[in-house]
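Chains, contacts and geometry: an overview
Residues per chain, in single letters:
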Amino acid sequence: MSTPTTTSTTNPGSPATAPAHRTRVVVLGAAGRDFHDFNVVFRDDPAYEVVAFTATQIPDIDGRRYPPDLSGSLYPQGIPIVAESELAALLEREHVDVVVFAYSDVRHEQVMHLASTCIAAGADFRLHSARHTMLRSTRPVVAVTAVRTGVGKSQTTRYLARMLVDLGLRVVAVRHPMPYGDLAAQACQRFATYADLDRHECTIEEREEYEPHLDAGVVVYAGVDYERILREAEQEADVILWDGGNNDLPFYVPDLHVVLADPLRPGDETAYHPGEANVRMADVVVIAKCDSARTADVEAVERSVRAVNQRAMILRADSPVTVDDPAAVAGRRVIVVEDGPTLTHGSMTYGAGVVGARAAGAAQLLDPTTYAVGSIAATYAKYPNARGVLPAMGYGAEQVHDLEATIRAAVEAGECEDVVSGTPIDLTRVLSVPAPIVRARYELREVVPGGLAAALRSALALETTGADADATYAGSSS
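Residues numbered from 1 in each chain as written. Predicted model: local features only at pLDDT ≥ 70, side-chain atom pairs only at ≥ 80, totals over all residues. Heavy atoms only, no water.

What follows concerns the sheet that holds strand β16 (residues 313-318). Read across the sheet, nine strands follow the order β10-β11-β9-β12-β8-β13-β15-β16-β23 without closing on themselves; strand pairing throughout is mixed. Both edges of this open sheet fall to β10 (188-191) and β23 (445-446), since each of them pairs with a single strand only. The pairing of strand β8 (residues 141-146) with strand β13 (residues 256-261) spans five bridges and is classified as parallel. Across the sheet, residue Val-144 finds its bridge partner in β13, namely Val-258. Sitting on the sheet, helix α8 (residues 204-215) is in contact with β9 (171-175), β10, β11 (219-223) and β12 (239-243), with an inclination near 160° to β11. Sitting on the sheet, helix α11 (residues 295-308) touches β13, β15 (284-287) and β16, and the angle it makes with β16 is about 155°. (Pairing = 2+ DSSP bridges. Helix = DSSP H or I, 4+ residues; strand = E, 2+ residues; numbered from the N terminus. Contact = heavy atoms within 4.5 Å. Axes fitted to C-alpha atoms, helices over the stretch in contact; angles between N-to-C directions.)

Quick look at the structure:
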């Protein structure tokens, strides 16, 4: 892993000392890659001084500090986190030299608007490469990333985990960061049971990513310090499974890089950062949701991927949705709850819950907008595409309360008879509402079985014979 060229006058072997002028840096983030990039690139480099992080996408991140326990000896007071909306004033006030963009699922155009703001203020604008920020593991790494959020990374990660477990391998999933609480306490988190979710006070969004792994018996690590996380995960894993967030790049050097593309959003595979970079880096591109997309759009995505990556294996997959109790939904007026990020910065208008509710014969999908309270109403105002369904905005206790209150108001008005949940978790663990909650679940199903199995065998040099392995993997895909 390379490091930035510095102007430090420190002699080799001597303690690090700050040069007369440290390059002043602001890192643009959303409580994830920004912290990772700081830890890997800047934390121990005396040539740089990170004066602030900015925050966007996630509520209530700004106004805090990156704590001294994580920021290192060069930052004894920690580092402030401010709202991205304050960027222009921050650049002028702090005489910033370099701005580093370090979050994901953003249109190329938006990235360049931010770049223009920085350049006009006299600051350089930097995008770190994957090579510059990925850590190398002592174990094989299979990374799952995407072109956008809400494409189907989680179902693909579960699918690959089953394959590896069926081969007798110990699999540990490392999830892209979602540190929305006490950052120092969340430096390195291990989840093996539901009690661990409660102990770490996980948000709904965190539970959406962790619970399905726990259901499958797979241990999950996450947090803030991904060097420490990696070294601890390696102690109990034969294979590390990188479970990516949004459309971000992997934090670890992958032996196999699987990227999900979405034919329900054709064109996005080359329109968003860093999703396009993932496509260009991919060993395998899986075009998901083929069962609910137009054939023309599937073919368009395939042509687009091939135009920027000649070497990747391109596979097609369905994302079939099943409803736990279709009879409880048929003929009923329902509110559909969908995964929050898919509807917000993912810009989708529906997800698995809508597909499942319609397939089960729901009489009406109620628009919850009229009943929205507090942060849910604010979410609709900011993301009008989410109207018509209820985003599971559970980043904290207040939002969970607002989610409950919105559903309760619709039930008490006599409009909502049932709730169909398209999130990957059991909402009854975190919500209490006066209506039955019926889950809509979704999994990955390869259109032509065996492609991902072959990719795993090749990348990890598995000794299982081809015919036996294909039979095993086909059996795990149901």
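Once that is clear, we can look at the packing of helix α3 (residues 87-94) against helix α4 (residues 108-120). Packing of α3 against α4 leaves a shortest axis separation of 10 Å and a crossing angle of 30°. As judged from the angle between their axes, α3 and α4 are roughly parallel. Our pair here, α3 against α4, has a crossing hand that is right-handed. Contact residues: α3 offers Leu-87, Ala-88 and Leu-91, while α4 offers Leu-114, Thr-117 and Cys-118. Tallied by class, the residues present in the contact of α3 with α4 amount to five nonpolar, one polar and no charged. (Parallel < 35°, antiparallel > 145°, perpendicular 65-115°, else oblique. Left-handed = near helix turned anticlockwise from the far one by under 90°. Nonpolar A, V, L, I, M, F, W, Y, C, P; charged D, E, K, R; others polar.)

Attention shifts here to the sheet that holds strand β4 (residues 79-83). An order of β3-β4-β2-β1-β5-β7 is seen for the six strands of this open sheet, with the pairing classed as mixed. Here the strands that pair on one side only, and so sit at the sheet edges, are β3 (65-66) and β7 (124-127). As defined by bridge partners, strand β5 (residues 98-101) adjoins β7 across four bridges and the pair is classed as parallel. The partner of Phe-101 across the bridge, within β7, is Leu-127. Across the sheet, α4 is in contact with β1 (23-29), β5 and β7; its angle to β7 comes to roughly 145°.

The geometry of helix α6 (residues 153-166) relative to helix α16 (residues 451-460) is characterised by a closest axis approach of 11 Å and an angle of 60° between their N-to-C directions. As far as their axial angle goes, α16 and α6 are oblique. Between α6 and α16 the crossing geometry is right-handed. Contact residues: α6 offers Tyr-159, Leu-160, Met-163 and Leu-164, while α16 offers Leu-452, Ala-453, Leu-456 and Leu-460. Classifying every residue of the contact of α6 with α16 by side-chain character gives eight nonpolar, no polar and no charged.

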